[in-house]
Amino acid sequence: MTSQKQRPRLAVFKLASCDGCQLSILSLEEDLLLLDQAVDIAYFPEASSRMEDGPYDITLVEGSISAPEHIEQIKNIRAQSGLLVTIGACATAGGIQALRNGADVADYVATVYAHPEYIQTLKDSTPISEHVKVDFELWGCPIDKEQVRHFLSDLLAGVEPRFPEHSLCMECKRQEHLCVLVAKGEPCLGPVTRTGCGAICPAMGRACYGCFGPAEVSFPAGREHANADALASRFSEALHLSNDEVLRRFKGINSHASAFKETAGKWQKMEENKHE
Amino acid sequence: MSDSVDSWILKKVSFDIFFSALKSEDYKVLSPQVEDGAVTWFEASEADDLKQGFSDQQNIGSYRLNQTESDVWFSIVHGAQSLKSLTFKPRQATVKIIKTEAGISFQAEQPKAEKIAVIGARACDVAALQIQDRVFLGGAYQDEYFKANRESLLIIAVNCTHAHETCFCASMNTGPKVKAGFDIALTELKDAFIVEAGSMAGKRIVEALNLTVAPKDMSKQADRLIEHCAVSQKKRMPQQNLPQALYEKQHSEHWDDVATRCLSCANCTMVCPTCFCHAIEETPDMARQTSERVRVWDSCFNPEHGYIHGKNMRPTTADRYRMWMTHKLGSWIDQFDSSGCTGCGRCTTWCPAGIDLVEEAIAVLGEDAMEKKA
């Protein structure tokens, strides 16, 4: 707590990620000036070369735990942070890089790099919450800037930020978009995907591919994930997707999120059994 | 058929006189049209704008539009939108809260509505609007936003002459002929419409058109087409004492069975023309000087919806499906003196999981459900 009016100190860190979520924060544009008045942006290398040491009151972390040094890094970040908030699919669910989980990583590394001996990577890409306590999670690939705005505004107003965890369909229907699943037979993941993006894909006539992760269908205690199994069956039976096509729907940006992981796992097994 | 309402003939070739009459009363005319592959309320300014050029094919969990060369103008039964989005809007600003030197001030959003005439409302949706009237306008507290939209709406219904796999209005006694709550009703024949007035406003407009009275054989032909539509409906909702019957099934194992298929995605409630649940969203600005309070459509399938001071009253999908069906078909009658279902079939057509309300009701109530029908 250094600067005038005791503005809370904000930090933004990055682990294994593409920087897209940090860019979503920068795309707040004129609201960034208001943010700068409300908080002391003490550490945000993507935005400024001024990088101050902790402790920080609010820390946003982008990226998954993918390399060995990330484990130490996140522990240090946690130790310096009041609130630790994950931003995006990587930090919250392991990200697209979690597609390697369960596969032979050494084989992947050997395929991609000329000198695999220089590459140090963990077997699995995992979310921050598997390593340290997380206070809030913002889903999405990338996060939505309105969600960031809402989150920070609530937090700064002293209100506990709440994120709707229901299916995307509710928002899609409020905007009165055509249901691409029912009317076009597109394998839309909207019914089992968490709201927050503003239904941008269905608005363009495209199927949702689940970048905001699985919706939660039980609240608040005894969490029960979206019924991805039932949607997968529907893709197969009504939309006539092959087993491989079904599992690829759920094996995407949030493949490590349990609801999608379990469903993809079942269909992978079916696909493997078919070939035996 | 409806009681001693006079009926007239409006030839398709002279339909534009109807538009002129509506325009002279300052109505913006909306009719269901296909835009970007979806059926939506579209502004029409002449008769040609009413010809849909598409027909819809509705089935359990499936909706398709096909281009058609037929002469039928109203060839689409309905899309996902009912009249609901015109009267109970998906997003409705209510209050803006502003920080002032003295504290805070509240700036209420005043209800405002433009005069809208819809041509092409179906009987199920007109019945649904009457149900929403009881919800939003009945009792001591009226919803001012709904009221403003409702009072500026002129309903020109089109009686259904064909039904889909998912339609069951005949068994709900709401259609296919519009019974009440309309201003003007049309029945489409090959070259003309049979016109009936259902309200003073409707009568005034129709009388100004100086139409010829419909000959008996034409009226009879219209009635036959509607009757054919009614008997062609294969789906029938069980008609026993549903509140009691459903309350008795509170512990049925079937709720868990539905829950294995239900996605809890809320599509059924979003497209339902009578579902009225809503939530309040508060959005403060970054400078913390103002906050906007908006009412949005909510659903009993939203897990948070059942959360009340520390406990979720409906923690599982089985609980939520039971709530939706028991309320819609049963306790709605205790609450509002009518069923909450009009048999439009949207919950079934637009269910991404292909869950059929009528089939589930029969399954819950047991095999004897249909035999007890009135």
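Counting from 1, residues in each chain are numbered in the order their sequence is written. Following the order in which they are written, the chains are lettered starting with A and the ligands numbered starting with 1. Residues qualify for local features only when their pLDDT is at least 70, as the model is predicted, and side-chain atom pairs are given and counted only at 80 or more; totals for whole chains, interfaces and linings, by contrast, use all residues. As a rule here, side-chain values come from all non-hydrogen atoms in the structure, and water together with hydrogens is ignored.

Participant: I'd love a proper account of the pattern of salt bridges, names of residues and values included.
Facilitator: A carboxyl oxygen of Asp or Glu within 4 Å of a side-chain nitrogen of Lys or Arg is what we treat as a salt bridge. Per the stated rule, a full pass over the model turns up 36 salt bridges over all chains. Lys51(B) serves as the salt-bridge partner of Asp48(B), at 2.7 Å between the closest nitrogen and oxygen. If you follow the salt bridges from partner to partner, you end up with Arg9(A), Asp40(A), Arg50(A) and Glu52(A) in one network.

Participant: Can you break down the domain arrangement of chain B residue by residue, with the values?
Facilitator: All names here are of chain B. Domain borders in the structure are assigned automatically or taken from a domain database. Looking at chain B, the domain boundaries give domain 1 (7-90 + 112-231) and domain 2 (242-278 + 299-372). On the domain 2 side, the residues contacting the 28 residues of domain 1 number 30 residues. At the boundary of domain 1 with domain 2, total buried surface from both sides reaches about 2300 Å², with 63% on carbon and sulfur atoms. Where domain 1 touches domain 2, the interface holds one salt bridge. Note that Asp125 is salt-bridged to Arg346, the shortest N-O span being 2.7 Å. N or O atoms closer than or at 3.5 Å make up a polar contact, with two conditions inside protein: a donor-capable atom paired with an acceptor-capable one, and, for residues adjacent in sequence, both atoms drawn from side chains. In this assembly, domain 1 and domain 2 are joined by 22 residue pairs in polar contact (both at pLDDT 80 or more). Each helix is a run of DSSP H or I of at least 4 residues and each strand a run of E of at least 2, with the numbering of both proceeding from the N terminus. When residues of the side of domain 1 that touches domain 2 are assigned to their parent elements, the largest contribution, nine residues, is made by helix α3 (residues 123-137). In this analysis, two residues are considered to be in contact whenever any of their non-hydrogen atoms come within 4.5 Å of each other. Summed over both partners, buried area is the accessible surface (1.4 Å probe) that two parts give up on being assembled.

Participant: Quick rundown of helix α7 (residues 216-231) of chain B? Include the residues and the values.
Facilitator: Residue and element names in this part refer to chain B. Expected helix span is given by 1.5 Å per residue-to-residue step, counting one fewer step than there are residues. Between the first and last C-alpha of α7 there are 22 Å, a value that for 16 residues agrees with the 22 Å anticipated at 1.5 Å per step. Accessible area is worked out with a 1.4 Å probe on protein chains only. A residue is then buried under 20% of its type maximum, exposed over 50%, and partly exposed in between. Every buried residue of α7 is listed here: Ser219, Ala222, Ile226, Cys229 and Ala230. What you see down the axis of α7 is that its buried residues fit within an arc of 105°, all on one side. Looking at α7, the residues exposed on the side facing more than 90 degrees away from the buried face are Lys216, Asp217, Lys220, Arg224, His228 and Val231. To be clear, the arc concerns the directions from the helix axis to the C-beta atoms.

Participant: Please provide a residue-by-residue account of the domain arrangement of chain A, values included.
Facilitator: Residues and elements named next belong to chain A. The domain architecture assigned to chain A consists of domain 1 (4-157) and domain 2 (168-275). Taken over C-alpha atoms, the centre of domain 1 sits 25 Å from the centre of domain 2. Taken together, the contact pairs 17 residues of domain 1 with 14 residues of domain 2. Three residues, Leu99, Trp139 and Cys141, lead the burial of domain 1 against domain 2; their summed loss comes to 45% of the area buried on that side. Put simply, domain 1 and domain 2 have zero salt bridges between them. On the surface where domain 1 and domain 2 come into contact, there are three residue pairs in polar contact (both at pLDDT 80 or more). As a working rule, the residues Ala, Val, Leu, Ile, Met, Phe, Trp, Tyr, Cys and Pro are called nonpolar, Asp, Glu, Lys and Arg charged, and the rest polar, with Gly in that last group. Taken together, the residues of the side of domain 1 that touches domain 2 sort by class into nine nonpolar, six polar and two charged.

Participant: Quick rundown of the interface of chain B and chain A? Include the residues and the values.
Facilitator: You'll often see interface size given as the accessible area lost when the parts meet. Listed per partner, the contact involves 50 residues of chain B and 43 residues of chain A. Interface area, chain B with chain A, both sides summed: about 3500 Å², of which 59% is carbon and sulfur. Between the two partners, chain B and chain A, sit two salt bridges. Connecting chain B to chain A are 16 residue pairs in polar contact (both at pLDDT 80 or more). Sorting the residues of the side of chain B that touches chain A by element identifies β5 (62-67), α9 (254-261), α10 (267-271), β13 (278-284), β14 (290-297) and α11 (317-336) of chain B as the ones contributing at least two each. For the side of chain B that touches chain A, the element with the most residues is β13(B), which contributes four residues.

Participant: Report on the layout of surface pockets, specifying residues and quantitative values.
Facilitator: The pocket and cavity definitions rest on a 1 Å grid over protein atoms only: a 1.4 Å probe that fits but cannot leave marks a cavity, an open set with protein on both sides within 12 Å along at least five of seven lines marks a pocket, and residues lining either have an atom within 4 Å of a point. Grid points are joined across faces, edges and corners, and a volume is the space filled by probe spheres set on the points. Of the volumes computed, that of the largest pocket is approximately 1400 Å³. Lining the largest pocket are 50 residues, with His150(A), Arg162(A), Glu281(B), Glu282(B) and Thr283(B) sitting closest to its centre. Its residues assigned to classes, the lining of the largest pocket comprises 20 nonpolar, 13 polar and 17 charged.

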